[in-house]
Amino acid sequence: MNVLLKPRMTEKTYALALTQNTYVFDVVGDSNKIDIAKLVQSTYNVTPTEVRIAIIKGKTKRSYRKGGKAIYGKRNDIKKAFVRIKDGESLPFFAEVQAAEEKEKKAEEKAAKKAKKENK
């Protein structure tokens with residue numbers, strides 16, 4: 001079971017984590033759903049209920065050498081695992097983002113309260 005889990009930290013995955021309790025990982029190309037579920041369970045002490053996998057094919061890119069000669073290359077393929085965990089459980093990836101959002105919300109409420117007080 002040689003599966004490397006690397007969490008994907010994007011705005012889209014943050015929204016998935018909040019709304020559907022689904023976390024996204026980059027995994028090794030030869031991994032399967034069972035291995036991924038076992039690794040998530042053992043690493044993070046949560047219960048995965050569903051694992052979906054998507055393989056993103058690498059783009060073909062072109063670069064130019066001296067004299068204008070084009071060289072073609074290909075980026076690596078990426079395998080993503082979408083792991084849904086049991087309701088009530090969560091992973092600590094976005095804890096800092098949530099803390100910052102709460103702090104910002106409190107600051108806005110405080111500013112609104114202060115503005116309301118000054119208007120009276």
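See the structure shown above.
Remember, predicted model here, so these are calculated numbers, not experimental data.

Before going further, it helps to examine unusual backbone geometry. Although it is not a glycine, asparagine 21 adopts a positive phi angle of roughly 60°. Considering the arrangement of structural elements, one finds asparagine 21 in the loop between α1 (11-20) and β2 (22-27). Judged by relative accessible area, asparagine 21 falls into the buried class, the value being 11%. Despite not being glycine, asparagine 45 has its phi angle at roughly 55°, a positive value. Turning to its location among the elements, asparagine 45 is positioned in the loop between α2 (33-44) and β3 (48-56).

In the structure shown here, the tally under the stated rule is four salt bridges. Arginine 8 is the partner of aspartate 26 in a salt bridge, and the nearest nitrogen-oxygen pair spans 2.9 Å. With aspartate 26 in strand β2 and arginine 8 in the loop between β1 (6-7) and α1, this pair connects stretches of sequence that are 18 residues apart. In this structure aspartate 26 comes out as buried when scored by relative accessible area, which is 16%.

So, about the pairing of β2. Among the six residues of β2, six are classified as buried, and the element is accordingly described as predominantly covered. Relative to β2, β1 runs antiparallel, the two sharing two bridges. Bridging from a neighbouring strand, lysine 6 pairs with aspartate 26 of β2. Inspection of the sheet shows β2 paired to strand β6 (residues 78-85) by six bridges, in the antiparallel sense.

What follows is about the side chain of asparagine 21. A polar atom in the side chain of asparagine 21 sits 3.0 Å from the backbone oxygen of lysine 86. Those residues in contact with asparagine 21 that lie beyond four places of it in its chain are Leu16, Val83, Arg84, Ile85, Lys86, Asp87, Gly88 and Glu89.

This next bit is on the environment of valine 46. Within the secondary structure, valine 46 sits in the loop between α2 and β3. Here the alpha-carbon distance between valine 46 and serine 90, two residues 44 residues apart in the chain, equals 7.5 Å. When near neighbours in sequence (up to four residues on either side) are disregarded, valine 46 contacts Val40, Gln41, Ile85, Glu89, Ser90 and Leu91.

About the thresholds
Residues numbered from 1 in each chain as written. Predicted model: local features only at pLDDT ≥ 70, side-chain atom pairs only at ≥ 80, totals over all residues. Heavy atoms only, no water. Helix = DSSP H or I, 4+ residues; strand = E, 2+ residues; numbered from the N terminus. Buried < 20%, exposed > 50% of the residue type's maximum accessible area, 1.4 Å probe, protein only. Salt bridge = Lys/Arg side-chain N within 4 Å of Asp/Glu carboxyl O. Pairing = 2+ DSSP bridges. Polar contact = N/O pair within 3.5 Å; in protein donor to acceptor, adjacent residues only side chain to side chain. Contact = heavy atoms within 4.5 Å.

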